[in-house]
Amino acid sequence: MSHPSAPTSDPVAAPRAPVAPLSQYVLKLTSRCDLSCDHCYVYEHPDQSWRQQPRVMAPDTVEATARRIAEHAAAHRLDTVRVVLHGGEPLLAGAARLAATAATLRRTISPVTRLDLRMQSNGVLLTPAIADVLVAHDVKVGISLDGDRAANDRHRRYANGASSHDQVRRALALLRRPAYRSVYAGILCTVDLANDPIQVYEALLAEEPPRVDFLLPHANWDRPPARPTGVATPYADWLLTIHRRWLADGRPVPIRLLESLLATAAGGGTATEAVGLGPVDLVVVETDGSFEQVDSLKSAFHGAAATGLDVFRHGVDDAAAHPGIAVRQSGLAGLCATCRACPLVRRCGGGLFAHRYRTGSGFDNPSAYCADLAVLIRSMAAPAGPAESRAADALSPTVLDDLGSGQGDVESVRQLAEVHHGIARALAVAISPSAADDPVASAGWDLLVALDVAAPDAVRVVLTHPFVRRWAQRCRAGATGELPHFAAVAAAAAVRAGADAELLLPVRDGAMHLPTLGAIVLDTDAPTVQVAVSGGAVELRAGRRRVQVRPAAPDNPDRWRPVRPARSDGWEALLEDTDPYRDCFDLPVAPRLSQSVADRWTGQVARAVRRVDAEAAGYAAGIRTLLRAVVPLAPDPTGRSRSAAARSAFGAVAVTPVADDAALAVLLVHEVQHLKLDAVLDVCDLFDRADARRLRVPWRDDPRPVEGALHGVYAHLAVADVWRRRPGPEASVHFRRYREWTDGALDALLGLGSLTADGERFARRMRAELDGWR
């Protein structure tokens with residue numbers, strides 16, 4: 001059985017296309033260490049290949065490595081290469097070996113390109129004699145320190161348990177001397193939630209480092225990061241505490257991770273492989289001369305970093321062509337589909353490659369720290385104000401143009417779905433601290449956090465349900481009495497995941513509601529009921545009775561009220577007539593439908609979607625990707641067909657009973673246009689939100705605000721397009737009316753002076769589409 005990063009045949013046997021050059025090299029000068037840090041990925045994680053490595057890199061291996069680097073730099077005309085002496089602990093090589101290694105590298109590489117020579121060390125063996133070598137050969141050294149004595153000694157100890165803190169601080173004091181300050185590169189600190197972030201920050205600043213970097217502890221989906229009970233994004237919280245203090249102090253020292261996130265938010269590049277989409281053009285050379293991928297992959301599985309190449313038989317071009325190295329230089333294309341569709345991807349970059357690993361799917365996953373990175377990125381953007389925060393997440397011009405046509409391909413609308421997913425997660429995180437004071441809500445949040453690691457797909461389905469978002473927004477607005485619904489959200493995710501759980505669920509209006517699944521009617525006045533979830537079933541423990549309820553089962557006249565799905569060629573939306581949060585439209589919702597009426601509804605919805613596929617395919621992607629629920633409305637007293645969508649319930653469309661699937665198809669297209677534009681406005685400023693002017697529009701008696709007029713234009717553009725494609729004189733009449741409405745209102749919007757640059761681009765794309773029909 002092979003892993004994606006462990007090739008089973010010679011990777012250079014066949015011809016290949018030109019490779020992207022590598023400019024960064026990590027030389028494992030030693031393979032042993034004088035400390036026994038329990039979080040070290042080299043010695044304490046699954047890969048144990050260090051045991052077969054020579055203790056020190058031999059001089060001929062150094063020579064061969066230097067020649068390979070020089071050859072590659074010359075062939076690709078590189079201006080600079082960076083070589084980092086690493087380990088194990090490189091200081092174990094001693095002053096003489098360090099001097100000889102540095103001399104060989106400079107003698108061989110410097111005639112070809114500029115050599116930036118560095119070293120990463122724990123510092124405990126640093127002496128004036130070694131520091132003199134570093135200065136003589138211009139080797140800048142970074143030191144690992146996790147904070148004050150208590151913080152540092154939590155992990156960075158000798159094998160006998162003795163503290164290393166005094167020795168590390170002595171090394172840092174040596175580097176602060178004027179004679180050695182020029183080779184002091186900075187401090188590397190691994191985050192530990194048990195350490196107070198401000199105390200760590202102050203301890204690091206006391207060492208006067210030129211630069212600081214924080215690393216998340218190595219983890220992945222198989223070995224998830226430790227999280228305290230009830231805290232969804234503790235690593236983001238820890239780093240944000242430092243971020244706020246760092247800003248308050250006037251950013252007294254560069255912090256690489258934070259500065260990289262700020263730079264990518266402004267459209268710049270990253271200085272770390274942990275975030276951003278910059279290419280990772282790095283290769284590792286082990287003490288035996290083997291080329292390896294970045295060594296943090298050793299935290300994934302044994303052999304994860306191996307390439308089967310070495311400096312004696314292969315050039316750096318061969319290493320650069322290795323799939324595991326080449327993919328790190330492919331930017332967005334090298335990420336999983338979830339990351340590619342995420343609006344934060346250009347800042348996050350999918351996180352550190354090693355943190356994406358999961359058995360079965362390899363590294364084709366988001367980071368195990370995905371939720372933390374999302375909160376960290378969004379929160380760091382917050383001080384810039386809402387406009388800048390949204391602009392940082394803005395959709396690309398290509399996507400805006402595609403959506404501005406009124407239609408939108410699969411990739412564009414998938415990005416809008418990811419916007420909704422990100423907002424739903426952020427809302428859940430935002431209200432989670434309030435859940436701590438409610439035992440029902442707190443238990444639900446804890447279960448949801450655990451399921452987000454064990455069954456993320458199930459959590460995603462429930463969190464992105466339209467009425468979960470509406471519930472979360474109500475809680476955030478102050479409806480804290482509704483926080484126990486957290487338990488219902490978690491229970492629904494557990495049912496979908498087939499997980500086991502026991503918890504109290506809230507009772508509302510005589511029923512227990514499970515979002516995306518249905519409701520269980522109860523004969524109790526109690527505010528909560530104890531349930532057990534197991535194997536996709538819910539067991540109700542009310543008094544002495546145990547009622548087994550399987551959500552996939554049909555209607556039970558006494559207890560179970562499942563949602564009924566409408567399905568069409570692999571697509572599914574829920575006919576939602578049970579969720580207590582569905583009453584969020586300006587029109588009254590219908591009560592629970594009988595099975596026969598529900599069957600008519602689901603059949604009509606399915607036929608309407610197929611009709612859109614056939615006659616207006618450009619709008620099908622929006623419906624199939626974004627429409628999650630259809631809410632039956634009470635019949636309109638005048639007999640009119642009515643429909644609605646609500647931003648707070650993204651993904652839901654509410655409709656009154658309609659005559660046929662042709663009419664329903666038009667209503668679905670109309671309302672999904674509102675959903676699409678809502679998602680665009682969540683991440684893009686299309687107009688000046690401070691502009692309070694109102695416009696006269698032909699489809700309303702009352703003047704509309706700019707946002708309302710924009711929504712109307714976007715929806716009516718699509719409705720006109722649907723009627724344009726239908727045959728017959730009646731369709732022609734409808735088409736002309738909606739085209740004229742859209743035409744006049746669009747001119748008014750473009751002439752108002754309220755649209756931003758993105759808004760102008762979006763509106764002019766609508767204008768081009770409209771004009772193209774003539």
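Residues numbered from 1 in each chain as written. Predicted model: local features only at pLDDT ≥ 70, side-chain atom pairs only at ≥ 80, totals over all residues. Heavy atoms only, no water.

Once that is clear, we can look at the sheet that holds strand β18 (residues 571-575). What the five strands build is an open sheet, ordered β17-β18-β19-β21-β20; its pairing is mixed. One side of each edge strand has no neighbouring strand; the edge strands of this open sheet are β17 (564-568) and β20 (643-644). Of the strand pairs in this sheet, β18 and strand β19 (residues 629-632) are connected by two bridges, and their pairing is parallel. Bridge pairing in β19 links Leu574 to Ala629. Sheet contacts for helix α21 (residues 595-615): β17, β18, β19 and β21 (652-655); angle to β17, the most-contacted strand, approximately 25°. (Pairing = 2+ DSSP bridges. Helix = DSSP H or I, 4+ residues; strand = E, 2+ residues; numbered from the N terminus. Contact = heavy atoms within 4.5 Å. Axes fitted to C-alpha atoms, helices over the stretch in contact; angles between N-to-C directions.)

All right, on to the confidence of the model for the protein chain then. Per-residue confidence for the protein chain averages 90 on the pLDDT scale, and 94% of its residues sit at or above 70. Scored below 50 in pLDDT, residues 1-16 shows 24 contacts in the model against residues more than four places distant or in partner chains. (pLDDT = per-residue confidence, 0-100.)

Moving on to the packing of aromatic side chains. Summed over the entire model, instances satisfying the criterion amount to 13 aromatic pairs. On the basis of an interplanar angle of 40° and a centroid distance of 5.3 Å, the ring pair of Tyr714 and Phe762 is categorised as tilted. Of this pair, Tyr714 sits in helix α24 (residues 706-725) while Phe762 sits in helix α26 (residues 757-772), and the two are 48 residues apart along the sequence. Taking the relative accessible area as the measure of exposure, Tyr714 reaches 1% and is therefore buried. A residue is classified by how much of its surface remains accessible, and Phe762, at 2% relative accessible area, is buried. (Phe/Tyr/Trp six-rings, centres within 6.5 Å; stacked < 30°, edge-to-face > 60°. Buried < 20%, exposed > 50% of the residue type's maximum accessible area, 1.4 Å probe, protein only.)

Across the interface, helix α18 (residues 456-463) lies against helix α20 (residues 485-497) with an axial gap of 8 Å and an inter-helix angle of 135°. It follows from the interaxial angle that α18 and α20 lie oblique. Note that α18 runs across α20; the crossing there is right-handed. Counted together, Ala458, Val459, Val461, Val462 and Leu463 of α18 and Val489, Ala492, Ala493, Arg496 and Ala497 of α20 form the full contact between these two elements. In the contact of α18 with α20, the residues fall into nine nonpolar, no polar and one charged. (Parallel < 35°, antiparallel > 145°, perpendicular 65-115°, else oblique. Left-handed = near helix turned anticlockwise from the far one by under 90°. Nonpolar A, V, L, I, M, F, W, Y, C, P; charged D, E, K, R; others polar.)

Relative to the helices and strands, Leu483 resides in the loop between α19 (466-476) and α20. A relative accessible area of 3% means that Leu483 is categorised as buried. Along the primary structure Leu483 and Trp471 are separated by twelve residues, whereas in three dimensions their C-alpha atoms are 8.6 Å apart. The contact partners of Leu483, leaving out residues within four places of it in the chain, are Ile431, Ser434, Ala435, Ala441, Trp471 and Cys475.

The next point concerns the packing of α24 against helix α25 (residues 729-752). Put simply, α24 and α25 touch, their axes get as near as 8 Å, and they point 150° apart. Classed by the angle they form, the pair α24 and α25 counts as roughly antiparallel. Crossing angle aside, the handedness with which α24 passes α25 is left-handed. Where α24 approaches α25, its residues Val706, Ala709, Leu710, Val713, His716, Leu717, Val719, Ala720, Trp723 and Arg724 are matched on the opposing element by Ala731, His734, Phe735, Tyr738, Arg739, Trp741, Thr742, Ala745, Leu746, Leu749 and Leu752. Classifying every residue of the contact of α24 with α25 gives 16 nonpolar, three polar and two charged.

Phe214 and Phe585 are the most contacted members of the largest nonpolar core, which totals 227 residues. A per-element tally of this core places helix α23 (residues 661-683) first, with 13 residues. Among residues more than four places away in sequence, those in contact with Phe585 are Phe467, Val631, Ala644, Ala645, Ala646, Ala652 and Ala654. (Core = buried A, V, L, I, M, F, W, Y, C linked by side-chain atoms within 4.5 Å.)

On to helix α15 (residues 397-404). The set of residues buried in α15 consists of Val399, Leu400, Leu403 and Gly404. All buried residues of α15 fall inside an arc of 135° around its axis, so they share one side. Structurally, α15 contributes buried residues whose contacts are with α16 (410-435), α23, α24 and α26. Phi turns positive, to about 95°, at Gly406, one or two residues after α15. (Arc of directions from axis to C-beta.)

Where burial is concerned, most of strand β2 (residues 80-86) is hidden: five out of the seven residues are buried. Where strand β1 (residues 24-28) lies against β2, five bridges are found, and the strand directions are parallel. Bridging across to β2, Gln24 finds its partner in Arg82. Note that the unit made of β1, helix α1 (residues 59-76) and β2 has a crossover that is right-handed. Summarising the sheet, β2 and strand β3 (residues 114-121) pair through six bridges and their orientation is parallel. Residue Val84 lies in a different strand from β3, and its bridge partner there is Arg118. (Right-handed = clockwise from strand over helix to strand, strands pointing away.)

Along α19, eight of the eleven residues are buried, which leaves the element largely enclosed by surrounding structure. When α19 is considered as a whole, its buried residues turn out to be Pro466, Phe467, Val468, Arg469, Arg470, Trp471, Ala472 and Cys475. On its buried side, α19 packs onto α16, α18, α20, β19, β21 and α23. Looking one or two residues past α19, Gly478 carries a phi angle of roughly 120°, positive in sign.

So, about the sheet that holds strand β5 (residues 184-190). In sheet architecture, strand pairing relies on hydrogen bonds along the backbone and comes in two forms, parallel and antiparallel. Strand order in the open sheet made by the nine strands is β6-β5-β4-β3-β2-β1-β7-β8-β9, with mixed pairing throughout. The sheet is open, and its two edges are formed by β6 (212-215) and β9 (306-310), each paired on a single side. Averaged over neighbouring strand pairs, the angle between their axes works out to 25° when direction is ignored. With two bridges joining them, strand β7 (residues 282-285) and strand β8 (residues 290-292) adopt antiparallel strand pairing. Along β8, the bridge assignment pairs Val285 with Phe291.

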